[in-house]
Amino acid sequence: MSNIKIAIVYFSKYGHTRLQAEAVRDGAASFKGSDVLLLDAAEAVRRIDELDAYDAIVFGSATYMGNMAAGMKSFLEATVTKWGSGKWKNKIAGGFTNSSNFSGDKLNTLQGMMIAAMQLGMIWVGVGDIVGSNEPGAESTVDGPGPDSLNRNSASIGPMASSFGVRTPDAPPAGDLKTAWNYGCRIAEITARFNP
Ligand SMILES: Cc1cc2nc3c(=O)[nH]c(=O)nc-3n(C[C@H](O)[C@H](O)[C@H](O)COP(=O)(O)O)c2cc1C
């Protein structure tokens, strides 16, 4: 069993994205042989060179104004030192986001993080879980998938969570956190395949 190192860098102001980040961390940590680090984006800027030793780096940001939050953007701009040197090339990458609304333009946040990872030569991992609306009982009703459903937000680039202005710990809902947990597990499994 390989020993793999996975870092999760997140920005969260009100704690919802942090809960999502913790679920990704716990999913990754459930994989035997994984060593997982959870870092706030501001701290990650200060410790950026430590991340060179990681096999996978997962980015998580709250969606603000239809985009990643400024704290995550600052971190990603700091990774320019890894761009010229190719230091993060071929590391596994992934991302997740949380916002108030079902859409809330979260897709734009994921796309921004994915493009930054691609610029760094990283290998992006998508969600893998089937969309929530495919669950029995969720199709052919306007209610759609409920808060306990897996991948309720029908995301494919990375997990989404919708908090609807409800304070933590009552949001994000269980299904969104389970989706994040599964993603952490998937990141670890794929990282292990690349680092046998
Ligand atoms: C400045 C600002 C902009 C926001 N923009 C959006 C938005 O574009 N779409 C959305 O659905 N929610 C938006 N929200 C709501 C946040 O995404 C939501 O409160 C989220 O749970 C915050 O995550 P956090 O608790 O990790 O900070 C915005 C909130 C703030 C403060």
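Reference entry: report on the structure contained in this document. Every value quoted in this text rests on a predicted model; they were computed, and no experiment measured them.

**Considerations on unusual backbone geometry**
Move 1: Following threonine 168, the chain continues into proline 169 via a peptide bond in cis, with omega recorded as 5°.
Move 2: Note the cis peptide between alanine 171 and proline 172, where omega equals 0°.
Move 3: Along the chain, proline 172 falls in the loop between strand E7 (160-162) and helix H6 (174-194).
Move 4: For phenylalanine 164, which is not a glycine, the phi torsion comes out positive at approximately 50°.
Move 5: Inspection of the secondary structure assignment puts phenylalanine 164 in the loop between E7 and H6.

**Observations regarding the nonpolar core**
Move 1: Val9, Leu51, Phe59, Met72 and Phe75 are the most contacted members of the largest nonpolar core, which totals 30 residues.
Move 2: Looking at this core, the elements that each hand over two or more residues are strand E1 (4-11), strand E2 (34-40), helix H2 (41-46), strand E3 (56-64), helix H3 (70-78) and helix H5 (106-119).
Move 3: If one sorts the elements of this core by residue count, H5 sits on top with 4 residues.
Move 4: Setting aside residues no more than four positions away along its own chain, methionine 72 makes contact with Val9, Tyr10, Phe11, Ala41, Phe59, Gly60, Ser61 and Met113.
Move 5: Core analysis: the next-biggest nonpolar cluster, separate from the first, contains 21 residues, Ala23, Ile92, Phe96 and Ile190 among them.

**Focus: a nonpolar patch on the surface**
Move 1: There is a patch of nonpolar side chains on the surface, built from Phe102, Phe164 and Val166 and spanning about 270 Å² of accessible area.
Move 2: Mapped onto the fold, phenylalanine 102 is located in the loop between strand E5 (92-99) and H5.

Thresholds, definitions, all that
- Counting of residues starts from 1 at the beginning of each chain's written sequence and follows it residue by residue.
- Per-residue local features of the predicted model are confined to residues with pLDDT of at least 70, and side-chain atom pairs are confined, for both listing and counting, to 80 or more; whole-chain, interface and lining totals are unaffected and use all residues.
- For side-chain calculations, the full set of non-hydrogen atoms in the structure is used, while hydrogens and water are omitted.
- Secondary structure is summarised from DSSP: a helix means a run of H or I of at least four residues, a strand means a run of E of at least two, and numbering begins at the N terminus for each.
- We define a nonpolar core as any set of buried Ala, Val, Leu, Ile, Met, Phe, Trp, Tyr and Cys residues linked to one another through side-chain atoms lying within 4.5 Å.
- Categorising residues by exposure relies on relative accessible area from a 1.4 Å probe, with only protein chains included: less than 20% of the type maximum marks a residue as buried, more than 50% marks it as exposed, and the intermediate range marks it as partly exposed.
- Only heavy atoms enter the contact rule, under which two residues are in contact if any of them lie within 4.5 Å.
- Candidates for patches are residues over 30% relative accessible area with no salt bridge; among them, like charges are joined within 9 Å and nonpolar side chains (Val, Leu, Ile, Met, Phe, Trp, Tyr) within 5 Å.
- Working definition of accessibility: Shrake-Rupley area with a 1.4 Å probe, residue cover restricted to the visible protein chains.
- Here a salt bridge means any side-chain nitrogen of Lys or Arg lying within 4 Å of a carboxyl oxygen belonging to Asp or Glu.

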